[in-house]
Amino acid sequence: MKHNFDEIIDRRVSECKKYEPAYPKDVIPMWIADTDFAVPDEIANAIAERAKHPCYGYPVESFEFEKSAAGWEKKRFGWDVKPEWVKYSNGVLPFFVYAIRAFAYPGDKVLFQSPVYPPFYAITRNNGCHIVTNPLVQDEDGKYQIDFEDLEDKLKDPRVKLFFLCNPHNPVMRSYSLEELTKIGDLCLKHHVLVISDEIHCDLVYKGHKHIPFASISEKFADNSMVLINPSKTFNIAGFRTGAAIIPNEQLRNKIQTMIEDNKNYGRTIFGMLSFITAYNECEYYADEMIEYLEENQQYTVDFIKERIPRIKLADPEATYLLWLDCRDLKLSQPELTKFFFEKAKLGLNDGSTFGSEGIGFMRMNIACPKATLVEALNRLEKAVNELN
Ligand SMILES: Cc1ncc(COP(=O)(O)O)c(C=O)c1O
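A few points on the structure. As the structure is a computational prediction, the values presented were derived from the model and not from experiment. (Residues numbered from 1 in each chain as written. Predicted model: local features only at pLDDT ≥ 70, side-chain atom pairs only at ≥ 80, totals over all residues. Heavy atoms only, no water.)

Comments concerning the overall build of the protein chain
Within the protein chain, the regular secondary structure consists of 13 helices and 14 strands. The C-alpha radius of gyration of the protein chain comes to 21 Å, within 12% of the 21 Å expected for a compact globule of 389 residues. When its C-alpha atoms are laid out on the principal axes, the protein chain stretches across 60 × 55 × 35 Å. In the protein chain, which comprises 389 residues, the proportion classed as buried is 57%. A separation of at least 24 residues holds for 75% of the contacts in the protein chain among residues at least 6 apart in sequence. (Helix = DSSP H or I, 4+ residues; strand = E, 2+ residues; numbered from the N terminus. Rg over C-alpha atoms; globule rule 2.2 N^0.38 Å. Buried < 20%, exposed > 50% of the residue type's maximum accessible area, 1.4 Å probe, protein only. Contact = heavy atoms within 4.5 Å.)

The following block contains the structure:
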């Protein structure tokens, strides 16, 4: 490999949230969704080079940002995106806020599939809408399936205006199939519900699965959706605060543009632009290598847990570096479970209940770390579970 993903980097000295100063030194942090890998050299070099110039005033809004996002969708997923469809924000989350404000009235409802990334709940609630969930259901292999009957029932409610799709789905590790996405899209069209497709984990899909941008499926879907992307997860550049929405429908796009302007959220950052464009234009090799590395990490984790910690269940991950551990057999309450991981196993994972009530009994483990760190973490977990009772 060109990039060394085995390198152990001391992140405690870098003001990062995962290893914030108060974080106990004997706990391995495996929570927030960034990686412990160095960025590609191309990004580090571009930043260092630009940093040498001593003026950091307002940057020009070059069209390179839009072109690089469109280029990535084409080369990775075969989707023809016109650069004009691309909008900038300082992260993908602001686009959810704009979508609610632009396309729903206070008191309307937003639908999504739980358990899910916690800000889906907070953004909906804090922007005056009610939450409606279409809980995902585990099959006998622990794989989460969509309950389409329930989905349609919920979509029928005329107050449901938006469907927040998370594909790949954080935290349940699903990469939805063409058939599933088509069913979702058809139902949303039938019931006049706009789809906001969060595809921030699109590059992190394992062998045997394929990411399909929602709006690439048909013109009708493209007309009724916006797709959110960000190289931040793949290239470990979340700290630069970038994000892009791809909005093929001109009317929708203009409404979102109004929101961006009303919120004065068009100011771009020099280093954000540079990292975003460099990642998408020059670092395809890194995305390929990282998923290969993660494939090994996830396979190691799946095998280890199956063989050595059978009281914890882990379905076969289809996507993301965030593994969803079913710890219900440990028979601990949620506060006991989080305490057990932190204090006994000395591992800092995300509490599953923060993803919705369906997450009670679960913990989310970030495996985007060098293999040596993962091996140590799993050994600690095995030992702690064996000592449990
Ligand atoms: C599904 C999902 N959407 C959005 C985000 C955050 O996006 P941003 O930092 O671009 O706002 C995350 C981060 O973990 C995520 O997992």
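Things to note about the sheet that holds strand E13 (residues 350-351)
Across the sheet, three strands lie side by side as E11-E14-E13; this open sheet has antiparallel pairing. Each edge of the open sheet carries a strand with a single partner, namely strand E11 (322-326) and E13. Bridge count between E11 and strand E14 (residues 362-366): five bridges; the pairing is antiparallel. Bridge pairing in E14 places Asp326 opposite Phe362. (Pairing = 2+ DSSP bridges.)

A few points about the pairing of strand E8 (residues 194-198)
Burial analysis of E8 places five of its five residues in the buried class, the great majority of the element. Burial along E8 is two-sided: the residues Leu194, Ile196 and Asp198 and Val195 and Ser197 are all buried. With five bridges joining them, strand E7 (residues 160-166) and E8 adopt parallel strand pairing. By the bridge assignment, Leu165 is partnered in E8 with Ser197. Each parallel crossover has a hand, and the one from E7 via helix H6 (residues 178-190) to E8 is right-handed. In this sheet, strand E9 (residues 225-229) lies alongside E8 in parallel orientation, the contact comprising four bridges. Looking at the pairing, Ile196 lines up with Met226 of E9. (Right-handed = clockwise from strand over helix to strand, strands pointing away.)

A short note on the layout of surface pockets
Here the largest pocket defines a volume of roughly 830 Å³. Lining of the largest pocket is provided by 34 residues; of these, Ile32, Ala33, Lys233, Ala238 and Arg241 occupy positions nearest its centre. For the lining of the largest pocket, the elements supplying multiple residues, two or more each, are helix H1 (41-51) and helix H8 (232-235). Sorting elements by how many residues they give to the lining of the largest pocket places H1 first, with three residues. (1 Å grid on protein atoms, 1.4 Å probe; cavity = no way out; pocket = protein on both sides within 12 Å on 5 of 7 lines; lining within 4 Å. Points joined across faces, edges and corners; volume = space filled by probe spheres on them.)

Comments concerning the packing of helix H3 (residues 93-103) against helix H4 (residues 119-126)
Two elements in contact, H3 and H4, have axes separated by 10 Å at closest approach and are oriented at 35 degrees. Note on packing geometry: the crossing formed by H3 with H4 is right-handed. For the pair H3 and H4, the contacting residues are Leu93, Phe96, Val97 and Ile100 in the first and Pro119, Phe120, Ile123 and Thr124 in the second. Looking at the contact of H3 with H4 residue by residue, the classes come out as seven nonpolar, one polar and no charged. (Axes fitted to C-alpha atoms, helices over the stretch in contact; angles between N-to-C directions. Left-handed = near helix turned anticlockwise from the far one by under 90°. Nonpolar A, V, L, I, M, F, W, Y, C, P; charged D, E, K, R; others polar.)

Quick look at unusual backbone geometry
Pro115 follows Ser114 through a cis peptide bond whose omega is 0 degrees. Here Pro115 shows up in the loop between strand E3 (109-112) and H4. Cis peptide bonds are those with omega within 30 degrees of zero, and the linkage from Asn170 to Pro171 qualifies with 20 degrees. Within the secondary structure, Pro171 sits in the loop between E7 and H6.

Concerning the pattern of salt bridges
Within the structure shown, the criterion is met by 28 salt bridges. For Glu64, the salt bridge goes to Lys67, with nearest N and O atoms at 3.3 Å. You can see Glu64 and its partner Lys67 sitting in helix H2 (residues 64-77), three residues apart, about one turn around the helix. We classify Lys67 as partly exposed; its relative accessible area is 40%. With a shortest N-O distance of 3.9 Å, Lys339 and Glu343 are connected by a salt bridge. Taken as a pair, Lys339 and Glu343 lie in helix H12 (residues 334-344) at a separation of four residues, close to a single helical turn. Looking at Glu343, the relative accessible area reads 42%, which means it is partly exposed. Each of the salt bridges in this network shares a partner with another, and the network as a whole consists of Arg11, Lys18, Asp34 and Asp36. (Salt bridge = Lys/Arg side-chain N within 4 Å of Asp/Glu carboxyl O.)

Some details on the site of the ligand
In the vicinity of the ligand lie 13 residues, with Val92, Asn170, Asp198, His201 and Lys233 positioned nearest. Within the side chain of His201, a nitrogen or oxygen atom sits 2.8 Å from an oxygen atom of the ligand. Relative to its free-state accessible area of 400 Å², the ligand is covered by the protein chains to the extent of 94%. According to the grid-proximity analysis, the pocket containing the ligand is the largest pocket. Among the residues forming the shell around the ligand, the class breakdown is six nonpolar, four polar and three charged. (Near = heavy atom within 4 Å. Polar contact = N/O pair within 3.5 Å; in protein donor to acceptor, adjacent residues only side chain to side chain. Areas by Shrake-Rupley, 256 points an atom, 1.4 Å probe, with all protein chains shown as cover. Sits in = over half its atoms within 2 Å of the grid points.)

Overview of the packing of H2 against helix H11 (residues 284-308)
Following both chains from N to C, one finds H2 and H11 inclined at 50 degrees, their axes separated by 12 Å at the closest point. Between H2 and H11, the angle is such that the two are oblique. Crossing hand, H2 versus H11: right-handed. Here H2 contributes Trp72, Lys75 and Arg76 to the contact with H11, which in turn contributes Glu284, Ala287 and Asp288. (Parallel < 35°, antiparallel > 145°, perpendicular 65-115°, else oblique.)

Remember that the coordinates give geometry; whether it matters functionally is a separate question.
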